[in-house]
Amino acid sequence: MPLVAGVDSSTQSCKVVVRDAETGALVRQGRAPHPEGTEVDPHAWWDALRAAVAEAGGLADVAAVAVAGQQHGMVCLDEAGQVVRPALLWNDTRSADAARELVEEAGGGEAGRRFWADATGAVPVASFTATKLRWLARHEPANAERVAAVCLPHDWLTWRLAGAPGLAALRTDRGDASGTGYWSPRTGEYRLDLLERAFGRRIGVPVLLGPAEVAGHLDPAALGASAAGPVLLGPGTGDNAAAALGAGAGPGDVVVSIGTSGTVFAVADTPAADPTGAVAGFADATGRFLPLVCTLNAARVLDAAATLLGVDLATLSELALAAPPGADGLVMVPYLEGERTPDRPTATGALHGLTLGTSSPAHLARAAVEGMLCALADGLDALTAQGARADRIILVGGGARSAAVRRIAPQVFGRPVVVPPPGEYVADGAARQAAWVALGGAAPPAWSVGDTEEYASPGVPAIRERYALARDRVVDRVRGQDPVRG
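Reading guide: rules and limits
- Residues numbered from 1 in each chain as written.
- Predicted model: local features only at pLDDT ≥ 70, side-chain atom pairs only at ≥ 80, totals over all residues.
- Heavy atoms only, no water.
- Core = buried A, V, L, I, M, F, W, Y, C linked by side-chain atoms within 4.5 Å.
- Buried < 20%, exposed > 50% of the residue type's maximum accessible area, 1.4 Å probe, protein only.
- Helix = DSSP H or I, 4+ residues; strand = E, 2+ residues; numbered from the N terminus.
- Contact = heavy atoms within 4.5 Å.
- Pairing = 2+ DSSP bridges.
- Axes fitted to C-alpha atoms, helices over the stretch in contact; angles between N-to-C directions.
- Salt bridge = Lys/Arg side-chain N within 4 Å of Asp/Glu carboxyl O.
- Phe/Tyr/Trp six-rings, centres within 6.5 Å; stacked < 30°, edge-to-face > 60°.
- Lys NZ or Arg CZ within 6 Å of the ring centre and 35° of its normal.
- Polar contact = N/O pair within 3.5 Å; in protein donor to acceptor, adjacent residues only side chain to side chain.

(A) Fine view of the nonpolar core. The biggest cluster of nonpolar side chains holds 55 residues, and the ones touching the most others in it are V254, V256, I258, L373, L395 and F413. With 14 residues, helix α12 (residues 361–385) is the single largest residue contributor to this core. Discounting chain neighbours no more than four positions away, the residues touching I258 are A298, A299, M372, L373, L376, L395, V396, G397, G398, G399, A400 and V405. Counting residues in each nonpolar core, the second largest holds 40 residues, with V7, A149, C151 and L218 among its members.

See the structure below:
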C-alpha cells in the first residue's frame with residue numbers, strides 16, 4: 001500500500017494531503033497559512049510547506065510527492081538561485097499596461113489579439129507571467145538585470161524539495177507553462193522569442209516534463225527528515241489543472257471552482273485559441289487541454305458581503321435563500337478588485353436596483369451570491385462559444401460550501417450542478433499525479449471522489465439579463481468613464 005503526497009500551494013495557504021496511491025483513501029493532512037498581498041516572498045511559501053508537511057505527519061513513508069501551485073506568479077532567480085524580488089502573483093494587476101503594450105506591439109486590436117491567441121493560446125492580461133516580466137523590465141531595471149531564470153510558484157517549490165540543485169534542475173509541466181504567455185499548447189514548445197519580446201532578453205526557463213515524468217527526488221535534508229527510500233517528485237502542475245484531475249472531470253463536464261479566484265474550465269482534446277481573450281487555451285495535467293476562463297472575484301465577494309452585513313458566511317447563506325430569485329431586481333456587479341474576465345483591471349463593483357423594497361440584508365445577500373455566479377456564468381458562455389461541451393457543472397472550492405451557492409447555481413447556469421464532498425481537490429489532483437508517477441501506467445489511477453450532491457432547478461433567465469445590463473454600466477475608476485456611453 002504505497003502512500004503519496006499532494007501539495008496545494010494556493011494564494012491563501014498551503015495544504016498537504018497524504019493518500020493511498022492505489023485507492024486514493026485519505027490517510028492524513030495538514031495546512032498552513034500564506035501571507036496576504038499580491039506580491040509575496042517565495043520563502044514564505046516554503047515555510048508554509050514545511051509547516052503543513054509537519055502537521056501532516058511528515059513524508060518519510062511516501063513514495064512520491066507532487067506540487068500544484070497558483071498559476072502565473074513570477075519567481076525571478078539570479079545566477080546563484082537566489083530570489084531577486086518578491087514574486088508578483090496572478091492577482092497583481094500592476095502589469096495591465098504591459099499587457100496592452102504587448103498586444104499593441106503585435107499589431108494591436110483584433111490582429112494583436114489573434115497573434116497572441118495563435119502563438120500561446122491566450123491573449124495577454126495582467127495575470128500572465130510575460131506581462132509581469134515586461135513590468136519588471138520597465139520599472140525595476142536593476143532587479144531585471146540580475147535575473148538569470150524565471151519560474152512559477154510550483155516550479156520553485158518542487159526545485160526546493162529537490163534541494164535547489166542549480167538553475168538547470170528547474171522543472172515544470174505543460175499545464176502551468178501554458179499560463180506564462182511564452183509557451184504554446186499547440187506545439188508543446190516554449191516561445192522564447194515572446195519571452196524576449198516581453199523582457200528584453202532571453203533568460204532561463206524550467207525544463208518541461210510530460211504528465212507522469214519524474215522531476216527529481218526529494219532531498220532528505222529539505223524537510224529535515226529522512227525517508228526509508230528514494231521519494232520521487234512529480235512534475236506538478238497549476239492549480240486549475242490539478243483541480244480537474246482531483247475532481248475526476250471528463251468530457252462534457254465543466255468545473256466551476258470558487259476560491260480566491262473563480263475559474264470555469266473544461267477538459268478538451270484540442271487546444272483553444274480565442275482572440276477575444278476571454279478563454280485561455282491552457283493545457284491540462286494529463287496530456288489534453290483545459291480551456292479556461294478566470295475571474296478575479298469569487299469567494300471573497302461572499303466574504304465582503306458578509307462583512308458589510310456584519311454576519312458570518314452561514315448566516316449570509318440563510319439570508320440569500322430568504323430572498324426571491326433575482327432579488328427583486330437588486331443586482332451586484334462583483335468587480336471588487338478590478339476584473340480579469342472581462343479585462344477590466346481598474347473597474348469597481350456596483351449595486352444596481354436599490355429601492356426601499358430591496359434595502360434589506362436578504363436582498364443584498366442574494367444579490368452578492370447571484371452576482372458572483374453570473375460573472376462565472378459569463379465565463380461558461382465564453383467556453384461554450386469556443387466549442388466546449390457543458391452537460392453538467394462540477395462545483396468545487398471554498399465557495400461551494402455555501403448552501404445558497406449550491407442551490408442558486410442551477411438557476412444561474414441553467415444546467416444541473418454536481419457538488420463533490422468538501423475536499424482539497426487541488427491537493428488531491430497533485431496527489432493523484434504523484435500516484436501516477438509512483439505506480440506508472442498510461443493513465444492516472446482511478447480514484448473515486450466519494451458521494452456527490454446533485455442540484456437541478458429551472459434556469460431563471462431574468463437573473464442574467466438584469467446582471468448583463470448592470471455589468472455593462474460599471475465605471476472604470478481610472479478612466480472615470482461609463483464603458484457604454486464613453
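(B) Region of interest: the sheet that holds strand β24 (residues 453–455). Spatially, β18-β19-β17-β16-β22-β23-β24 is the arrangement adopted by the seven strands of the open sheet, whose pairing is mixed. Of all the strands in the sheet, just β18 (280–283) and β24 have a single pairing partner and so form its edges. Each neighbouring strand pair of the sheet contributes to a mean axis angle of 30°, computed without reference to strand direction. Sheet topology places strand β16 (residues 253–258) next to strand β17 (residues 262–266); five bridges connect them, and they run antiparallel. Bridge pairing in β17 places V255 opposite F265.

(C) The arrangement of helix α4 (residues 129–139) in detail. Most of α4 sits out of view: eight of its eleven residues are buried. Of the positions making up α4, those classed as buried are T129, A130, T131, K132, L133, R134, W135 and L136. Among the structural elements, β6 (75–77), β7 (87–88), α2 (96–105), α5 (141–146), β8 (149–151) and α8 (192–199) are those in contact with the buried residues of α4.

(D) Inspection of the pattern of salt bridges at higher detail. For the coordinates displayed, the defined rule picks out 26 salt bridges. For D428, the salt bridge goes to R19, with nearest N and O atoms at 2.9 Å. Taken as a pair, D428 in helix α14 (residues 425–439) and R19 in strand β2 (residues 13–20) lie far apart in primary sequence, 409 residues in all. In this structure D428 comes out as buried when scored by relative accessible area, which is 9%.

(E) Structural view of the pairing of strand β19 (residues 289–295). Taken across its seven residues, β19 has seven buried, putting it largely inside the fold. The alternating pattern of β19 places F289, P291, V293 and T295 on one face and L290, L292 and C294 on the opposite face, and all of these are buried. Strand direction decides the pairing type here: β17 and β19, joined by four bridges, are antiparallel. Note on β19: the bridge partner recorded for F265 is L292. Here β18 hands over to β19 after five residues, with G287 in that stretch at a positive phi of 110°.

(F) Highlighting the environment of A25. By the element assignment, A25 lies in the loop between β2 and β3 (26–33). Here A25 falls in the partly exposed class, since its relative accessible area comes to 40%. On a C-alpha basis, the gap between A25 and W447 in space is 8.4 Å, while along the polypeptide they are 422 residues apart.

(G) Inspection of the packing of aromatic side chains at higher detail. In the structure shown here, the tally under the stated rule is three aromatic pairs. A ring pair is formed by F115 and W116, whose centres lie 5.7 Å apart and whose planes are at 90°; its orientation type is edge-to-face. By relative accessible area, which is 27% here, F115 ends up partly exposed. Its guanidinium or amino end placed over the ring of W135, R94 lies 4.9 Å from that ring's centre, counting from NZ or CZ. Sitting over the face of the ring of W46, R160 holds its NZ or CZ atom 4.5 Å from the ring centroid.

(H) Spatial organisation of unusual backbone geometry. The step from T341 to P342 runs through a cis peptide bond, and the omega angle for that step is 0°. Within the secondary structure, P342 is located in the loop between β20 (331–333) and β21 (350–352). Even without being glycine, H72 reaches a positive phi, approximately 80°. As for its position among the elements, H72 is in the loop between β5 (62–69) and β6. Positive phi outside glycine occurs at A164, with the angle close to 50°. By the element assignment, A164 lies in the loop between α6 (153–161) and β9 (171–173).

(I) Structural detail: the side chain of R174. Inspection of the secondary structure assignment puts R174 in helix α7 (residues 174–177). In terms of polar contacts, R174 uses its side chain to reach the backbone carbonyl oxygen of R288, at 2.7 Å. In contact with R174, not counting residues within four places along its chain, are W183, L208, L209, A283, D284, G287, R288 and F289.

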